[in-house]
Amino acid sequence: MRAAAVPAGYPQFFAGGEGARVRDVDGRSYIDFMCSWGPIILGHRHAEVEAAARAQLDAGDCLDGPTEHAVVLAEKLVATILHADWALFQKNGSDAMTTCVTLARAGTGRRKVLVARGAYHGAVPWCSPSLIGVTAEDRAHLLHFTYNDISSLDAAVAEAGEDLAAIVVSAFRHDLGVRQELPTRAFAQAARAHCDRLNAALVLDDVRAGFRLNLGGSWENVGVRPDLAGYSKAIANGWPLAAVTGNARFRAAGEQVFVTGSFWYGGAPMAAAVKVIEILERENGPARLEAAGKRFAEGVTGSAARHGFEVSLSGPPAIPLMQFNDDPDVRLGEALCREALARGVYLHNKHNMFLSLAHTDSVIDEALDAIDKAFAALARNRTAVA
Ligand code: PMP
C-alpha cells in the first residue's frame, strides 16, 4: 500500500487496535470503520480468537506441514459454506482467486475467463487494475462483461465459445468509487445457467464479502451456488489466511493442480479461523452486522440531511459505500472524512467501509455523534470546500 495514496489528514502508520478502535503512531485513537479493509469482523484482537491462535503459536506455527487445524477448518468450511465439498488454503485473496482460475482451467481443459469490467480480484498480472508491468499475454484469455447486465454477459459468453473455462463474479458490485450494487437474482441465475449449459465454472469472489453477508456463501442471498469460491479477509479476524472452496465437480482438479506457498500451512491462522466461524455462528454474525450497518447508515444520512447535505450509502449495510450525491471530484467526501478523523472516527469515502461485531450500538452512536459534528463543521466551511 502506498502511504502517499491516502488523502491528507489520514494517519499513515498504526500502533495498535482493540475492539472497534485503532491507534496511530502519534497516539491518536479512532473508531474504525475500515476494519483493516475487511479482515476484522469480530473487532481487533478478539480475546477468544487470539487465545486460539496463541495456543498454536506457542506450540509452533510454521512446521513441516499443516497442523490438525487444517483438517478441522476444512471440515468446518465444508459444513458451513453450502456449495463446498472441499477446501484448500492460501494466504491472500489474490492467491485464492488465482487458484480458482487455475482450478477452473484444470477442471474444464479450457482457457477463457470472464470478469466484470472494473471488478477487483487481486494484485497479480491476470487481474491487477494497473497495467504497469503487465503484458498483453498475461490477459490473453480474459473477456469482460458489465456486472448485473445480462446481455453483456451473454455477449462475452458467446465470444468465449467452446473455450469458456469460468465466469468470475464478485459477491456484489463494489468497484472503487462507484455506487455499489447488489447482484440481481436474474443476473446470478443467468451466470449459473451459462456455466451449467457449457460445463464451465462459476467462480464467486467472496474475498471481501465472505462471512459478512451470509455464512453459507454470499450468493445464497440470491439463491445461486458457485462451483468455486475464494475467501480471505474476514476468515481469521486479521490472521493471514485465504481459502478456496469447491464442489465435487472440481475435486479432481483440486487434487491435481500445483499450488503452494512457504507460509500457506501455518497453524495459528487456521486455529483462529475455526474460532471465528464458531463465534459468527453463535452470535448470528451476518444479521448483527446488517443491523449495525443500518444503524450507521440511518445516522449518517440523517446527520447529512440536518446539515443540508445529501449523502447515500449503497451496497449491503454491513459493507457500505458512503457518497455525497453531488460530489463529482469527491472534495466533499474527503473533507467530511478529514473532519471525522479530527474527531476520532476513521471513515472512507471512495472505498466501501466494513462493520464488525465490535460496532455495538453505543460505539456506533458515539461515532455518529462525532460524525454529526463533522457535518456541522463541513456546513460551516461549505463554500471553502466547494
Ligand atoms: N478480491 C476482492 C473482492 C478483494 O476485495 C480483494 C482485496 N481487496 C482481493 C480479491 C485480493 O485480496 P488480497 O488483497 O488479500 O490479495
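I will try to describe carefully the structure that is included in this document.

So, how was this worked out
- Per chain, residues are indexed from 1 in the order of the written sequence.
- Predicted model: local features are reported for residues with pLDDT of at least 70 only, side-chain atom pairs are reported and counted for 80 or more only, and whole-chain, interface and lining totals are derived from all residues.
- Each side-chain value is derived from all of the structure's non-hydrogen atoms; neither hydrogens nor water enter the calculation.
- Counting from the N terminus, the helices are the DSSP runs of H or I reaching at least four residues and the strands are the DSSP runs of E reaching at least two.
- For the exposure calls, accessible area comes from a 1.4 Å probe over protein chains only, and a residue counts as buried if that area is under 20% of its type's maximum, exposed if over 50%, partly exposed in between.
- Note on contacts: a residue pair qualifies if any of its non-hydrogen atoms lie within 4.5 Å across the two residues.
- Should DSSP find at least two bridges between two strands, the strands are taken to pair.
- All axes are obtained by fitting lines to C-alpha atoms, using only the stretch in contact for helices, and the reported angles, taken between N-to-C directions, cover 0 to 180 degrees.
- When a carboxyl oxygen of Asp or Glu lies within 4 Å of a side-chain nitrogen of Lys or Arg, that pair is called a salt bridge.
- We call a residue near a molecule or strand when any one of its heavy atoms sits within 4 Å of it.
- The term polar contact refers here to a pair of N or O atoms within 3.5 Å; inside protein, the definition further demands a hydrogen-donor-capable atom paired with an acceptor-capable atom, and it admits residues adjacent in sequence only when both atoms are side-chain atoms.
- The accessible surface values rely on the Shrake-Rupley method and a 1.4 Å probe; as for residues, cover is taken only from the protein chains in view.
- Roughly parallel means an angle under 35 degrees; roughly antiparallel, over 145; roughly perpendicular, 65 to 115; everything else is oblique.
- Handedness of a helix crossing follows the sense of rotation of the near helix relative to the far helix, less than a right angle counterclockwise being left-handed and clockwise being right-handed.

Another point: the environment of Leu204. As for its position among the elements, Leu204 is in strand E8 (residues 201-205). The exposure class assigned to Leu204 is buried, which follows from its relative accessible area of 2%. A C-alpha to C-alpha distance of 20 Å links Leu204 and His351, two positions 147 residues apart in sequence. Aside from chain neighbours lying at most four places away, what touches Leu204 is Met97, Val169, Ser170, Ala171, Ser218, Trp219, Pro226, Leu228, Ala229 and Gly230.

Spatially, E4-E10-E9-E8-E7-E5-E6 is the arrangement adopted by the seven strands of the open sheet, whose pairing is mixed. With one partner strand each, in any of the chains shown, strand E4 (86-90) and strand E6 (142-145) form the two edges of the open sheet. Strand-to-strand twist across the sheet, computed as the mean angle between neighbouring axes with direction ignored, equals 20°. For strand E5 (residues 112-116) and E6, the ladder comprises four bridges, and the chain directions are parallel. Counterpart to Leu114 in the pairing with E6 is Leu143. The sheet strands contacting helix H2 (residues 68-80) are E4 and strand E10 (242-246), and the helix crosses E4 at an angle near 125°. Sitting on the sheet, helix H4 (residues 150-160) touches E5, E6 and strand E7 (164-170), and the angle it makes with E6 is about 160°.

Moving on, we get to the pattern of salt bridges. Scanning all chains against the criterion turns up 23 salt bridges. Here Arg192 and Asp227 are joined by a salt bridge, their closest N and O atoms 2.9 Å apart. Taken together, the residues span a long stretch of sequence, with Arg192 in helix H5 (residues 185-198) and Asp227 in the loop between E8 and strand E9 (228-231) at a distance of 35 residues. Using a relative accessible area of 15% as the deciding quantity, one classes Arg192 as buried. Using a relative accessible area of 3% as the deciding quantity, one classes Asp227 as buried. If you follow the salt bridges from partner to partner, you end up with Glu48, Arg282, Glu283 and Arg288 in one network.

Around the ligand, a shell composed of Asn92, Gly93, Ser94, Tyr120, His121, Gly122, His174, Asp205, Val207, Arg208 and Lys233 is seen. A distance of 3.1 Å separates a nitrogen atom of the ligand from a polar side-chain atom of Lys233. Considered on its own, the ligand offers 390 Å² of accessible surface; in the complex 85% of this is hidden by protein.

Moving on, we get to the packing of helix H1 (residues 47-59) against helix H7 (residues 267-282). Geometrically, a packed helix pair is captured by the angle between its two axes and the distance between the axes. Remark: H1 packs on H7, axes separated minimally by 8 Å, with the N-to-C direction vectors making an angle of 155°. When the axis of H1 is compared with that of H7, the two are roughly antiparallel. When the axes of H1 and H7 are compared, the crossing they make is right-handed. Of the residues in H7, those touching H1 at Glu48, Val49, Ala52, Ala53, Gln56 and Leu57 are Gly267, Ala268, Ala271, Ala272, Lys275, Val276, Ile279 and Arg282.

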